[in-house]
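# A structural walkthrough
Now for the letters of each chain:
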Amino acid sequence: MNYTCIASGYSSPASTKFGRYCRPHVAQLRRHGAIGQTGITKAELKAYGRIVSARLEKNRDKPLLTQLEARWGVVQTYAATVRDEARSKPIVRYRREAAVETLRIGKNVNARDVIETVLAMYVMQDQEPRRFKSDQAFKTQLVRRVRGLTRLNADAWTDAKTGKRKLVYRDLSQRTVIIMGGWIAEALGPAGIMFARLERKDHEKEQQALLAFRQTLDDIE
Ligand SMILES: [Zn+2]
């Protein structure tokens with residue numbers, strides 16, 4: 001029997017191990033969370049980061065940032081519990097891996113940077129919904145961008161031919177990513193959704209003001 005990849009319109013041979021998809025599509029699914037999903041780049045997220053940063057600044061006399069930092073702290077405490085549990089009893093490998101990775105990020109990245117990145121992802125999802133193929137793809141990209149705040153998830157090696165240092169990013173298993181994404185989303189997602197909503201409201205207000213202005217121009221005699 002001949003297997004073909006269902007994502008390529010059955011033109012490429014499927015990898016036998018995963019059955020339905022060819023190797024490049026299996027890799028995309030693993031790395032990006034969905035067939036057809038490409039990585040959200042730092043550059044793409046930048047504008048949304050600025051939006052979030054400005055709103056945090058606008059609300060700096062309120063306990064907003066402090067509370068978000070506390071929520072990220074709860075994730076860290078929880079991850080530590082999961083990691084310690086893993087020492088005394090068998091625990092699903094993915095949960096352990098998610099805990100270790102979450103703690104690594106907590107240790108190496110400023111809480112505010114994590115918060116801004118996560119919130120920016122929610123605003124982006126709201127404004128560019130087509131950029132994310134599924135919820136799983138969104139969570140995968142969320143984790144990727146948060147992990148991208150540190151370079152420590154990359155193993156550096158020197159290319160013998162060119163003498164250049166290269167970084168090879170370690171991919172977490174998809175299940176680990178989904179667990180981590182779940183923890184982050186639970187802690188910071190509500191704020192992310194609120195930021196997206198406020199952004200939309202501000203935009204509508206601007207549109208209305210513009211419309212009113214045009215109306216005024218129309219009424220000039
Ligand atoms: Zn394929």
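This text follows the structure it describes.
Rules used in this analysis
Residues numbered from 1 in each chain as written. Predicted model: local features only at pLDDT ≥ 70, side-chain atom pairs only at ≥ 80, totals over all residues. Heavy atoms only, no water. Helix = DSSP H or I, 4+ residues; strand = E, 2+ residues; numbered from the N terminus. Buried < 20%, exposed > 50% of the residue type's maximum accessible area, 1.4 Å probe, protein only. Contact = heavy atoms within 4.5 Å. Areas by Shrake-Rupley, 256 points an atom, 1.4 Å probe, with all protein chains shown as cover. Patch = residues over 30% accessible without salt bridge, like charges linked within 9 Å, V, L, I, M, F, W, Y side chains within 5 Å. Salt bridge = Lys/Arg side-chain N within 4 Å of Asp/Glu carboxyl O. Lys, Arg positive; Asp, Glu negative; His and termini not counted. Charge placed at Lys NZ, Arg CZ, Asp CG, Glu CD. Donors = N, O, S within 2.8 Å, 3.2 Å for Na, K, Ca; no water. 1 Å grid on protein atoms, 1.4 Å probe; cavity = no way out; pocket = protein on both sides within 12 Å on 5 of 7 lines; lining within 4 Å. Points joined across faces, edges and corners; volume = space filled by probe spheres on them. Nonpolar A, V, L, I, M, F, W, Y, C, P; charged D, E, K, R; others polar.

### Some words on the overall build of the protein
Across its full length, the protein carries 7 helices and 2 strands. Across the 221 residues that make up the protein, the buried fraction comes to 38%. Sequence separation of at least 24 residues holds for 65% of the intrachain contacts in the protein that already meet a minimum separation of 6. Carbon together with sulfur atoms contributes 53% to the accessible area of the protein, which is approximately 13,900 Å² in total.

### Quick notes on a positive patch on the surface
Positive charge collects at one region of the surface, where Lys58, Lys62, Arg197, Lys201 and Lys205 lie side by side. For the positive patch, the element with the most residues is helix 7 (residues 174-219), which contributes 3 residues. Note that Lys205 resides in helix 7. When its relative accessible area of 54% is taken as the criterion, Lys205 is described as exposed.

### Some details on the coordination of the zinc ion
Every protein donor of the zinc ion is accounted for by Cys5 (SG), Cys22 (SG) and His25 (ND1), and the metal-donor separations fall at 1.8 to 2.2 Å. Spacing between the donor residues of the zinc ion along their common chain follows C-x16-C-x2-H. A residue is classified by how much of its surface remains accessible, and Cys22, at 6% relative accessible area, is buried.

### Some words on a nonpolar patch on the surface
There is a patch of nonpolar side chains on the surface, built from Leu210, Phe213, Leu217 and Ile220 and spanning about 390 Å² of accessible area. Secondary-structure assignment places Ile220 in the segment after helix 7. By relative accessible area, Ile220 is classed as exposed at 56%.

### Thoughts on the pattern of salt bridges
This model, assessed by the stated rule, comprises 12 salt bridges. Measuring nitrogen to oxygen at the nearest pair gives 3.2 Å for the salt bridge that ties Arg83 to Asp84. You can call Arg83 partly exposed: its relative accessible area is 27%. Across the salt bridge formed by Arg200 and Asp126, the nearest N and O atoms sit 2.8 Å from each other. Of this pair, Arg200 sits in helix 7 while Asp126 sits in helix 5 (residues 111-127), and the two are 74 residues apart along the sequence. Residue classification places Asp126 among the partly exposed residues on the basis of a relative accessible area of 25%. Through salt bridges that share partners, Glu57, Arg60, Arg112 and Glu116 make up one connected network.

### As for the environment of Val146
Of note, Val146 is situated in helix 6 (residues 135-147). Given the relative accessible area of 0%, Val146 is considered buried. Placed 32 residues apart in sequence, Val146 and Val114 show a C-alpha to C-alpha distance of 6.1 Å. Val146 has contacts with Ile105, Val114, Thr117 and Val118, leaving out every residue within four places of it along the chain.

### Thoughts on the layout of surface pockets
If you add up the space inside the second largest pocket, you get close to 260 Å³. Every residue lining the second largest pocket is listed: Lys42, Leu45, Lys46, Gly49, Arg50, Asp113, Glu116, Thr117, Ala120, Arg145, Gly148 and Leu149. At the level of elements, helix 2 (42-58) and helix 5 are the ones that each hand at least two residues to the lining of the second largest pocket. Broken down by class, the residue content of the lining of the second largest pocket amounts to 3 nonpolar, 3 polar and 6 charged.

Keep in mind these values describe shape, not function.
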